[in-house]
Structure formats: C-alpha cells, structure tokens
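Letter by letter, the chains look like this.
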Amino acid sequence: MRQLLILSLAFFLLHPGAGAQRYEALGELKNHSVRVYHSKGADQKASTITQRVDKAMAYYQQLLQFKPSVTLLVLTEADWSKYTTFPVYGMPHYTGDSTLVVAAEDNSFWKSFLPPMAQLPADLRQAVQATYRHPGGNLSMEAFFDLLALHELGHAFHFQGGLNMQRKWMGELFVNILLHTYVAEKEPEALPALTLFPRMVVGGGTKEFTYTSLADIEARYEEIGQRHPKNYGWYQSRWHSAAADIYEAAGREIGRTLWNALDAQKQRLTDETLAAFLESSGAKAVADMMRHWDRNTVR
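Residues numbered from 1 in each chain as written. Predicted model: local features only at pLDDT ≥ 70, side-chain atom pairs only at ≥ 80, totals over all residues. Heavy atoms only, no water.

**Student:** Explanation requested: the nonpolar core in the structure shown.
**Tutor:** Within soluble globular proteins, side chains that are nonpolar tend to cluster in buried spots. Within the largest apolar cluster, 100 residues are counted, with the highest numbers of intra-cluster contacts made by Tyr-60 and Met-170. Of the residues forming this core, the biggest block, 10 residues, is contributed by helix α7 (residues 168–186). Apart from residues lying up to four places away in sequence, Tyr-60 is in contact with Gln-65, Leu-150, Leu-153, Gly-154, Phe-157, Leu-178, Leu-179 and Tyr-182. (Core = buried A, V, L, I, M, F, W, Y, C linked by side-chain atoms within 4.5 Å. Buried < 20%, exposed > 50% of the residue type's maximum accessible area, 1.4 Å probe, protein only. Helix = DSSP H or I, 4+ residues; strand = E, 2+ residues; numbered from the N terminus. Contact = heavy atoms within 4.5 Å.)

Written as structure tokens, this is what we have:
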C-alpha cells in the first residue's frame, strides 16, 4: 500500500540536513518553546500546531528534565519542496535532528489512509466517521497526523539527549510512549484519533507479512521499510498499541523511568540482558512487551 510505504519511510529516513536554511520568505511566530516559521496564509494552522507543540514540549521537558532545540516549519504544499527533500506532502518529519516539518493543509496523503467505508463493519465505520471527520465535513486522517508531529517532537529528545536507545525499535516505542502519555494526561479527547487507526491495522492480522518479530525488524530495519512497506506499517501500529498498553500498566512516569534506564546504560545489551535490565530498572512493562511480543501477535 502506497500510504504505508510513505509512513514507513518517514520513521526511519536518514534525514538530509537543511544546513543554514533561511526562512525570510516565511512568516514567523515568536515567543514559543520552539522556533516557528510558516507559509503565507497558514497563520491559523501554525498557531494551532504550535500551541499543541508548546504543551507537549513543556510536558516532555518536565518529565525528562531535558529540552532539545527545535525549529518547526508549517508549510503549504507549494512551499514543501523548498524546505525539505521528503517527497510526499503531509508526513511530519525531520530534516537533520532539529527541524520538524509539518503540513499546513489537508491533503490527499492524509485522506489515502481511510479505508473504503462500505467495506467496514457498521460499528467500525461509525467510529471512523466520528473520529476522522474533518471540520469541513469530509473524512481525513488530519487528526492522526497532527498527533504524529508530537511523535516526531519526542525524537528530538533522544536525538539530542545522546541516549543509547539499544534497539532501533526502542527509539520508536519510546517516542510513542511519550506521545500516548501526553495525550492521555493532557488531551484525552484526542485518544480516539491516536488509537483507532493502529487498532485497525493490528486487528487485521499478519497472514500477509513476511516479518513479525522484534529480531526481524532489528536485523532488517531498512530492508523492511523499503521493500515491505505494509509490513513496516504493521510494526509501527504495534508500537503505537504497545505504548498504550505500557502506559496503562506502568502509569505516566514510565517515560522518565525508561529515559533514566537508557541514559545510564551506555553499552549495548543482548536481548536477554536488555529485558532483565529494563525490569530491574522499573520498566517491567517494556520488558514484558519484549518477552511476549510474539505471543501477543494477532495472526
């Protein structure tokens, strides 16, 4: 599926640095937790996103006792290619490790994630229509992708904090834990938008996928993303769902607990010792996810 290809690429892309990119042609919002530049006519969208980023930044900073430096670009489709080489309009992503790029307009990419309504069971169709209805009346995944901006914001913390994340998948799980915790604690009304899409993907099972284990994704991270994009999208959905379960089991401090553990452990651990280390460090819910990943996979 094209949309899952793009989603997968966004999460592992080796982002090219923007260098000394200049933003004179963009508007600027001042006095925020991040530097903010936006396309002409995108003032309102930029303000809305920036207010959410401000709240998430404050929450993450208080939780982790660290603040990264981030520049936020809120761009129309016309400006997108001027400030990022990422090929598809609408996917939140970084250029380098500190410039976060998001879309200012509803777009066909967001809409492409919606399944045909006629093919869904009535209860799921009603949930999708209630959750992903755009203010203009049409259906769009804008609400989900706006939240992914906060997923990307979380990456700036471990990028710039210098943590040894131990595994590629741990970096994704960690920022999903931050995202889910923030939404559950500060914007619980947004939980359906965050959780419904991953639940639909995970619930579809794995019969069509070649890879399903954590060992697979660790060993073949880029290969799966590039050659098996739908398979990679399933992994990302599993990590979103796992973050929700970990939050429910361990509470709002689990992000800080995991941060402290990963910050303290500089050497790479084997799977067995990593799970034991996480459990002894207070992150038992994460250790349990590792140990029971295969058993909990919906076939």
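**Student:** How should the pairing of strand β5 (residues 99–103) be read in this particular structure?
**Tutor:** The side chains of a regular strand alternate, residue by residue, between the two faces of the sheet. β5 sits mainly inside the fold: five of its five residues count as buried. Across five bridges, the pairing between strand β3 (residues 71–75) and β5 is parallel. What sits directly across from Val-74, in β5, is Val-102. As consecutive antiparallel partners, strand β4 (residues 93–95) and β5 are separated by three residues, and within that stretch Gly-96 has a phi angle of approximately 70°, a positive value. (Pairing = 2+ DSSP bridges.)

**Student:** Sorry, what's going on with the pairing of β3 here?
**Tutor:** Among the five residues of β3, five are classified as buried, and the element is accordingly described as predominantly covered. Side chains of β3 alternate between two faces, with Thr-71, Leu-73 and Leu-75 and Leu-72 and Val-74 buried alike. In terms of strand pairing, strand β2 (residues 35–38) meets β3 through four bridges, oriented parallel. Paired with His-38 across the bridge in β3 is Val-74.

**Student:** It is not clear to me how the side chain of His-180 should be interpreted in this structure. Could you clarify?
**Tutor:** Following the sequence through the fold, His-180 ends up in helix α7. Apart from residues no more than four positions distant in its own chain, His-180 is found in contact with Leu-191, Leu-194, Thr-195, Ala-243, Ala-244 and Tyr-247.

**Student:** Could you clarify how one ought to interpret helix α11 (residues 229–250) in this entry?
**Tutor:** Within an α-helix, residues lying three or four positions from one another point in the same direction, as the helix has 3.6 residues per turn. With 22 residues, α11 extends 31 Å from end C-alpha to end C-alpha; this agrees with the ideal 32 Å at 1.5 Å per step. Of all 22 residues that make up α11, 16 are buried, and the element is covered over most of its length. Once α11 finishes, Gly-251 follows within two positions and takes phi at roughly 90°, a positive value. (Expected span 1.5 Å × (residues − 1).)

**Student:** Can you walk me through the confidence of the model for the chain in this structure?
**Tutor:** Detailed conclusions should not be drawn from predicted coordinates in areas where pLDDT is low. Confidence in the prediction for the chain averages 90 pLDDT; 93% of positions are at 70 or higher. With pLDDT under 50 throughout, residues 1–20 is counted as low confidence; its partners more than four residues away or in other chains account for 52 contacts. (pLDDT = per-residue confidence, 0-100.)

**Student:** Which parts of the structure should I look at to understand the side chain of Thr-297?
**Tutor:** Here Thr-297 is to be found in the segment after α14 (284–292). Of the polar contacts made by the side chain of Thr-297, one reaches the backbone oxygen of Trp-293; its length is 2.8 Å. (Polar contact = N/O pair within 3.5 Å; in protein donor to acceptor, adjacent residues only side chain to side chain.)

**Student:** Please explain unusual backbone geometry as it appears in this structure.
**Tutor:** For residues other than glycine, phi is negative in most cases, and the peptide bonds are mostly trans. Residues other than glycine seldom take positive phi values, yet Asn-31 does so here, at roughly 65°. With respect to the helices and strands, Asn-31 occurs in the loop between β1 (27–29) and β2. For Gln-166, which is not glycine, the phi torsion reads 70° and is therefore positive.

**Student:** What is the right way to read helix α8 (residues 191–203) from this model?
**Tutor:** For α8, with 13 residues, the first-to-last C-alpha span of 18 Å sits near the 18 Å given by 1.5 Å per residue. Where α8 is buried, its residues touch α5 (122–131), α6 (142–161), α7 and α11. Directly after α8, the chain includes Gly-205, whose backbone phi takes a positive value near 80°.

**Student:** I keep staring at the packing of aromatic side chains and nothing clicks. Help me out?
**Tutor:** The description of an aromatic ring pair rests on the distance of the ring centres and on the angle between the ring planes. Applying the stated criterion across every chain, the model contains 24 aromatic pairs. Their ring planes at 15° and their centres at 6.2 Å tell us that Trp-110 and Phe-145 sit as a pair that is stacked. With a gap of 35 residues between them, Trp-110 in helix α4 (residues 108–111) and Phe-145 in helix α6 connect regions that are remote in the sequence. Classification of Trp-110 by relative accessible area gives buried; the value is 1%. (Phe/Tyr/Trp six-rings, centres within 6.5 Å; stacked < 30°, edge-to-face > 60°.)

**Student:** Teacher, can you tell me more about the sheet that holds β5 here?
**Tutor:** Within a sheet, each strand pairs with its neighbour through backbone hydrogen bonds, oriented either parallel or antiparallel. Pairing is mixed in the open sheet, where five strands are placed in the order β1-β2-β3-β5-β4. Only two strands of the sheet have a single neighbouring strand rather than two, namely β1 and β4. With strand direction ignored, the average angle separating the axes of adjacent strands in the sheet is 30°. Each of β1, β2, β3 and β5 is contacted by helix α2 (residues 43–64), which is oriented at about 145° to β3, the strand it contacts most. Sitting on the sheet, α6 touches β4 and β5, and the angle it makes with β4 is about 45°. (Axes fitted to C-alpha atoms, helices over the stretch in contact; angles between N-to-C directions.)

**Student:** I keep staring at the environment of Asp-97 and nothing clicks. Help me out?
**Tutor:** Along the chain, the position of Asp-97 falls in the loop between β4 and β5. Given a relative accessible area of 39%, Asp-97 falls into the partly exposed group. Here the alpha-carbon distance between Asp-97 and Gln-62, two residues 35 residues apart in the chain, equals 21 Å. Every residue in contact with Asp-97, bar those within four places of it in the chain, is listed here: Ala-156, Phe-159 and Gln-160.

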